[in-house]
Amino acid sequence: MNTVITKSSVDTLGDLLAQIADLTKQADAIKDAIKDNASAGGDKVVEGDLFKATYIESNRSTVDYKALC
């Protein structure tokens, strides 16, 4: 696929990446608020009109298999 790269397409890319970064920050803030609320004893399931978010608490550990062998 041969795509012509122009100044405009580079600017569009930069704009899109900036929007993605902003949206990611917003999503992370909402996730953190849901987690904080659920950890404090609040609802672990939050339903909107279109989507549902569920907070699941888990303990995670890792094993260093190289050191184990």
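The model shown is predicted, which means the values in this text are computed figures rather than measured ones. (Residues numbered from 1 in each chain as written. Predicted model: local features only at pLDDT ≥ 70, side-chain atom pairs only at ≥ 80, totals over all residues. Heavy atoms only, no water.)

Go over the overall build of the protein chain, please, and point to the residues and values.
Counting secondary structure elements, the protein chain contains two helices and two strands. The helix and strand sequence of the protein chain, counted from the amino end, reads α-β-β-α. Along the three orthogonal principal directions, the C-alpha set of the protein chain runs to about 50 × 50 × 20 Å. Surface accessibility of the protein chain: about 6,700 Å² in total, with carbon and sulfur atoms responsible for 56%. Distance from the positive charge centre (8 side chains) to the negative charge centre (11 side chains) of the protein chain: 7 Å. (Helix = DSSP H or I, 4+ residues; strand = E, 2+ residues; numbered from the N terminus. Areas by Shrake-Rupley, 256 points an atom, 1.4 Å probe, with all protein chains shown as cover. Lys, Arg positive; Asp, Glu negative; His and termini not counted. Charge placed at Lys NZ, Arg CZ, Asp CG, Glu CD.)

Break down helix H1 (residues 7–39) for me, citing the residues and quoting the values.
Compared with the 48 Å implied by 1.5 Å per residue over 33 residues, the 48 Å span of H1 between its first and last C-alpha is a close match. With its phi angle positive at about 100 degrees, Gly41 sits one or two positions after the end of H1. (Expected span 1.5 Å × (residues − 1).)

Describe in detail a nonpolar patch on the surface, supporting the description with residues and values.
Residues Leu13, Leu17 and Ile20 make up a contiguous nonpolar surface patch of roughly 290 Å² in combined accessible area. With a relative accessible area of 48%, Leu13 lands in the partly exposed category. (Patch = residues over 30% accessible without salt bridge, like charges linked within 9 Å, V, L, I, M, F, W, Y side chains within 5 Å. Salt bridge = Lys/Arg side-chain N within 4 Å of Asp/Glu carboxyl O. Buried < 20%, exposed > 50% of the residue type's maximum accessible area, 1.4 Å probe, protein only.)

Describe the environment of Phe51, and please don't skip the residues or the numbers.
Its location among the elements puts Phe51 in the loop between strand E1 (45–47) and strand E2 (52–54). The spatial distance from the C-alpha of Phe51 to the C-alpha of Val4 is 39 Å, given a sequence separation of 47 residues.

Please provide a residue-by-residue account of the environment of Asn2, values included.
Along the chain, Asn2 falls in the segment before H1. By relative accessible area, which is 83% here, Asn2 ends up exposed. Considered as a pair, Asn2 and Glu47 are 45 residues apart in the sequence and their alpha carbons are 45 Å apart.

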